[in-house]
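Here is what each chain is made of, one letter per residue.
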Amino acid sequence: MSEAGGALGCGSPVPQRAPWNLVAAATALYLVSATSVWTAGATPMNREEKQKLGNQVLEMFDHAYGNYMEHAYPADELMPLTCRGRVRGQEPSRGDVDDALGKFSLTLIDSLDTLVVLNKTKEFEDAVRKVLRDVNLDNDVVVSVFETNIRVLGGLLGGHSLAIMLKEKGEYMQWYKDELLQMAKQLGYKLLPAFNTTSGLPYPRINLKFGIRKPEARTGTETDTCTACAGTLILEFAALSRFTGATIFEEYARKALDFLWEKRQRSSNLVGVTINIHTGDWVRKDSGVGAGIDSYYEYLLKAYVLLGDDSFLERFNTHYDAIMRYISQPPLLLDVHIHKPMLNARTWMDALLAFFPGLQVLKGDIRPAIETHEMLYQVIKKHNFLPEAFTTDFRVHWAQHPLRPEFAESTYFLYKATGDPYYLEVGKTLIENLNKYARVPCGFAAMKDVRTGSHEDRMDSFFLAEMFKYLYLLFADKEDIIFDIEDYIFTTEAHLLPLWLSTTNQRVSKKNTTSEYTELDDSNFDWTCPNTQILFPNDPLYAQSIREPLKNVVDKSCPRGIIRVREESFRSGAKPPLRARDFMATNPEHLEILKKMGVSLIHLKDGRVQLVQHAIQAASSIDAEDGLRFMQEMIELSSQQQKEQQLPPRAVQIVSHPFFGRVVLTAGPAQFGLDLSKHKETRGFVASSKPYNGCSELTNPEAVMGKIALIQRGQCMFAEKARNIQNAGAIGGIVIDDNEGSSSDTAPLFQMAGDGKDTDDIKIPMLFLFSKEGSIILDAIREYEEVEVLLSDKAKDRAAILKGKMIPSYIINSNPEMENEEQPSSENDSQNQSAEQIISISQAVDLVDQEAPEESSLSSHSDSSPADTDNAASISPAEQTLNPMENQEPTSLDGECTDLDNQPQEQSETEEDSNPNVSWGKKVQPIDSILADWNEDIEAFEMMEKDEL
């Protein structure tokens, strides 16, 4: 997500004024920044230090962009762990996440205007030539309309905007004749068939070559889309119309926005997460400012800034009043039900809401922006990154972090509005964390689990499009940028559109379609015009006074104390609704209450209890709402009970030359042996046991003595393997899955159970690796013979690994090298029958309007058949279980608008490349080339460490 470069002008709730002066609007925020005071107590950062941090951002961008161009281009994205490109159809499908990939060199297009912002004009010119020469938009690929719009269409328009700016300056791009704009127009026409619905809302996906509904299109049968998917088109489509004079694009985007506005819930003025594109019925009726809705609100306000249409501001202000009335619970932003907005829909928040403080800056509502931003910063300081989702008491809910830029975006705009050097220090922390924990030799790798520091083999295009742009602008002075950034507005993907488009090709009617407003709190609109007297009272400690109470909110939070209970007043004389924590299946009164709420209780043959709600069977709509809340509470309660029984994932960190702790593998824990969360990590060289399955006395005890033994899964109990290697003198054990090609990317982790006997005799730590992760260690042994690893509860700081006694001096002084990691196999071996037991701790609950359970939590497998999870009992007979009522398609945190569950699919889709001029095969890098890359990268890393020390 991103914010506009400018701010709003003064206006009443329904402004009646002269034509909008967009240039003045663009400079308003800069004036706020220039005239505001910074917080006393925060030491101003001098020009030299800011310049040093800006240069560090440039170096980081070069590292990411250079590795993409060398190892991945013309593929859509870089896979930084295996140093190759991600090509649709050649890698296992990741589900909806892959809908952003269209074989159109996504990362290059998404990075075009970033190159200009970072003053890399020569590289920009070269990149534009590559796009014009190599990119084909006519591929037989099904892509997301939303992602293609914000990343590709937005990238082409942003590149065109800055290409004509550079051409006017007279030094670069003199040959340019609107070629990027013509590509954007071609893509725009390819997206238009998606709008062929009765509502005007677009289909969520389209085939670039065949469009919608045709048999060869393989799409067009969808019925639902997310609000953000349909409501995040107006900036790019209107800009395309204004640039080209073809009004059809702006007309279609406006029609979609008009329909969403008409379908808002009239009493609450909120919108749901997903909507039926044919009927306009809300499919998911929860509402928030995060995934699935976020950029809809953003584009209403920015459409007003870019296009000068008062109706967009009126709509935004109406929604914003509802957000602050129902969703905002400072410093939290919690989802509610659109029909009953005093009732919370969930007790966790997703990472995408981190854009909202920046949008509040654009709105001019600074105080809640400071509060929410500070809360998010405290979460980051605890986990190094913002988890994909976290609970109201700031525990990790989803542990992934795909290097999202939204928090950096809000940090930049808060600094622009306040001039407070505190936000420069926040930005410095972000840079340090990226370099310490996410930087790998071939780029920057997403975090698979922020708790362990393990990596995922992905570097999304938005990382280059947004993160480096905002971080560079945060530390840059006006003279560091070769053009005036205040003349542009940022799209949600941080692409730049010029504000002068407001007066160009205005052929679309701007009649006021906004109607049927509820009575609003007029004080809300005092914030429409941000000025220093309102934003910053005379007290120079104003911003600090807002942040100070939140400094310890994460460490000292109480799960129930920080949230106010969000329920309407109970009916006069009525009893409070039944709470899940009080429910007893043997209590006749409780069963009667369940029946009244439309909740059925079914006793299963295996002793479990199944709860199912049918709202239509409830005694009243109020009872139906109470039933839904009861079911949601039961899900939370069940999840909490299971989390208390499970162990978090662990980390295996390769610390020997040439890895130096930069490769972190996600590992499953054991219910026996040394608990790594309570004891110091175990460090040692690895050695394979003989026999490899570890099911009998080892024949090579001298090889594993004092080392960490590698054992293959299968043939006997985990505890038996542990005892055998412990008797041989091993200091730890790593069990590697015997199912070839298995990976933590595509299979849930689990914990290894004991053998039903007393396991107190096992004193060494035991961890489990899937085949792909295990092969990385085995390949390293073949290449380097001696490989040292660290077994711990989470990855350790690389600086600590590289200094002091933790690593021999001959390793520090040697030339760093690195091999190419083994690619996961797509073939599965026949699965051996085994007597090993794995305890089930998976979450087996799902409901209508409920997202899937925590993806990063450990799951269960039947060891005799690793792919079969049906035999795993998710909850003991004494516990309550909720079974799914119907399948929902939740909203993704990836690109704001696809599958939140994000569970990888086993099948791969194969698609033909329709551009014969570009080689889409995997780039197989010679080992010498990869070693050279590692040499260069690790030398740079060591220099960076010296600078930090």
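- As named in an unreviewed UniProt entry, the protein is alpha-1,2-Mannosidase, taken from Heterocephalus glaber.
- According to its UniProt record, the protein has this under Subcellular location (unreviewed entry): "Endoplasmic reticulum".

### Section: the overall build of the protein
Step number 1: Counting secondary structure elements, the protein contains 27 helices and 30 strands.
Step number 2: Taking all 949 residues of the protein together, the buried fraction comes to 64%.
Step number 3: For the protein, contacts bridging at least 24 residues in sequence account for 76% of all contacts bridging at least 6.
Step number 4: Put simply, the protein shows about 34200 Å² of open surface, and 49% of that area lies on carbon and sulfur atoms.

### Digging into the state of the cysteines
Step number 1: The tally for this structure, following the rule as stated, stands at three disulfides.
Step number 2: With a sulfur-sulfur separation of 2.1 Å, Cys695 is cross-linked through a disulfide to Cys716. Measuring handedness by torsion sign, the sulfur bridge of Cys695 and Cys716 sits at about -90° and is left-handed. Of the two residues, Cys695 sits in the loop between β25 (682-688) and α22 (701-704) while Cys716 sits in the loop between β26 (708-712) and α23 (718-727), which places them 21 residues apart along the sequence.
Step number 3: Residue class for Cys716 comes out buried when judged on its relative accessible area of 4%.

### Looking at the pattern of salt bridges
Step number 1: Evaluated as defined, the whole model comprises 47 salt bridges.
Step number 2: A salt bridge links Lys50 to Asp477; the nearest nitrogen and oxygen atoms lie 3.0 Å apart. Pair noted here: Lys50 is in helix α2 (residues 47-72) and Asp477 is in the loop between α17 (461-475) and β19 (488-490), with a separation of 427 residues, a long-range link.
Step number 3: Residues Asp99 and Arg88 are paired through a salt bridge, measuring 3.3 Å at the closest nitrogen-oxygen approach. Placement of Asp99 in the loop between β2 (84-86) and α3 (106-110) and of Arg88 in the loop between β2 and α3 is noted, with a sequence separation of eleven residues between them. Just as Asp99 is buried, Arg88 falls in that class too.

### So, the UniProt feature "binding site: Ca(2+)" (unreviewed entry) in the protein
Step number 1: UniProt's feature table lists "binding site: Ca(2+)" (unreviewed entry) at Thr492, given in the numbering used throughout.
Step number 2: Mapped onto the fold, Thr492 is located in the loop between β19 and β20 (496-498).
Step number 3: For Thr492, a relative accessible area of 0% translates into the label buried.
Step number 4: Separated by 3.0 Å, the side chains of Thr492 and Glu298 make a polar contact.

### Some thoughts on the sheet that holds strand β5 (residues 224-226)
Step number 1: The strand order across the open sheet formed by three strands is β5-β6-β7, and the pairing between neighbours is antiparallel. Edge positions in the open sheet fall to β5 and β7 (282-284), since each of these has one partner strand only. Sheet twist, expressed as the average angle between the axes of neighbouring strands with direction ignored, equals 35°.
Step number 2: Where β5 and strand β6 (residues 274-276) come together, three bridges link them in antiparallel fashion. By the bridge assignment for β6, Thr225 is matched with Ile275.

### Side note on the nonpolar core
Step number 1: Core analysis: the biggest nonpolar cluster contains 184 residues, and Ile234, Tyr297, Leu434, Phe444 and Phe483 have the highest contact counts within it.
Step number 2: Looking at this core element by element, the count peaks at twelve residues for helix α6 (residues 145-169).
Step number 3: In this structure, Ala722, Val735, Ala747 and Phe770 belong to the second largest nonpolar core, which totals 23 residues.

### Digging into the side chain of Arg94
Step number 1: Relative to the helices and strands, Arg94 is located in the loop between β2 and α3.
Step number 2: Overall, Arg94 belongs to the buried group, its relative accessible area being 12%.
Step number 3: A polar contact of 2.7 Å, which involves the side chain of Arg94, links it to the side chain of Asp98.

### Observations regarding the packing of aromatic side chains
Step number 1: Scanning all chains against the criterion turns up 30 aromatic pairs.
Step number 2: When the ring of Tyr377 is compared with that of Tyr422, the centres are 6.2 Å apart and the planes differ by 90°; the resulting orientation is edge-to-face. Taken together, the residues span a long stretch of sequence, with Tyr377 in helix α14 (residues 366-383) and Tyr422 in helix α16 (residues 422-438) at a distance of 45 residues. Accessibility assignment for this pair places Tyr377 and Tyr422 in one class, buried.
Step number 3: Ring centres 5.3 Å apart and planes at 85° place the aromatic pair Phe768 and Phe770 in the edge-to-face group. Both residues of the pair, Phe768 and Phe770, count as buried.
Step number 4: Through a chain of ring-to-ring contacts, the aromatic side chains of Phe61, Tyr65, Phe444, Phe463 and Phe468 assemble into a single cluster.
Step number 5: A cation sits over an aromatic face here: Lys209 above Phe210, 6.0 Å from the ring centre.

### Topic: the packing of helix α9 (residues 234-244) against helix α10 (residues 248-262)
Step number 1: As a packed pair, α9 and α10 sit with axes 7 Å apart at the nearest point and diverge in direction by 155°. Put simply, α9 runs roughly antiparallel to α10. Relative to α10, α9 is oriented so that their crossing is left-handed. Contacts between α9 and α10 involve Ile234, Phe237, Ala238, Leu240, Ser241 and Arg242 from the first element and Ile248, Phe249, Glu250, Ala253, Arg254 and Leu257 from the second.
Step number 2: Counted by class, the contact of α9 with α10 contains eight nonpolar, one polar and three charged residues.

### Here we look at the packing of helix α5 (residues 121-134) against α6
For any two helices packed against each other, the geometry is given by the interaxial angle and the distance between the axes.
Step number 1: At their nearest, the axes of α5 and α6 sit 12 Å apart, and the two run at 125° to each other. Put simply, α5 runs oblique to α6. Considering how the two elements wind past one another, α5 and α6 form a crossing that is left-handed. Of α6, the residues touching α5 (which contributes Thr121, Phe124 and Val131) are Leu156, Gly159, Ala163 and Leu166.
Step number 2: Residue composition of the contact of α5 with α6, by class: five nonpolar, two polar and no charged.

Basis of the calculations
- Residues numbered from 1 in each chain as written.
- Predicted model: local features only at pLDDT ≥ 70, side-chain atom pairs only at ≥ 80, totals over all residues.
- Heavy atoms only, no water.
- UniProt positions renumbered as here; feature names shortened; annotations may be inferred.
- Helix = DSSP H or I, 4+ residues; strand = E, 2+ residues; numbered from the N terminus.
- Buried < 20%, exposed > 50% of the residue type's maximum accessible area, 1.4 Å probe, protein only.
- Contact = heavy atoms within 4.5 Å.
- Areas by Shrake-Rupley, 256 points an atom, 1.4 Å probe, with all protein chains shown as cover.
- Disulfide = S-S within 2.5 Å.
- Salt bridge = Lys/Arg side-chain N within 4 Å of Asp/Glu carboxyl O.
- Polar contact = N/O pair within 3.5 Å; in protein donor to acceptor, adjacent residues only side chain to side chain.
- Pairing = 2+ DSSP bridges.
- Axes fitted to C-alpha atoms, helices over the stretch in contact; angles between N-to-C directions.
- Core = buried A, V, L, I, M, F, W, Y, C linked by side-chain atoms within 4.5 Å.
- Phe/Tyr/Trp six-rings, centres within 6.5 Å; stacked < 30°, edge-to-face > 60°.
- Lys NZ or Arg CZ within 6 Å of the ring centre and 35° of its normal.
- Parallel < 35°, antiparallel > 145°, perpendicular 65-115°, else oblique.
- Left-handed = near helix turned anticlockwise from the far one by under 90°.
- Nonpolar A, V, L, I, M, F, W, Y, C, P; charged D, E, K, R; others polar.

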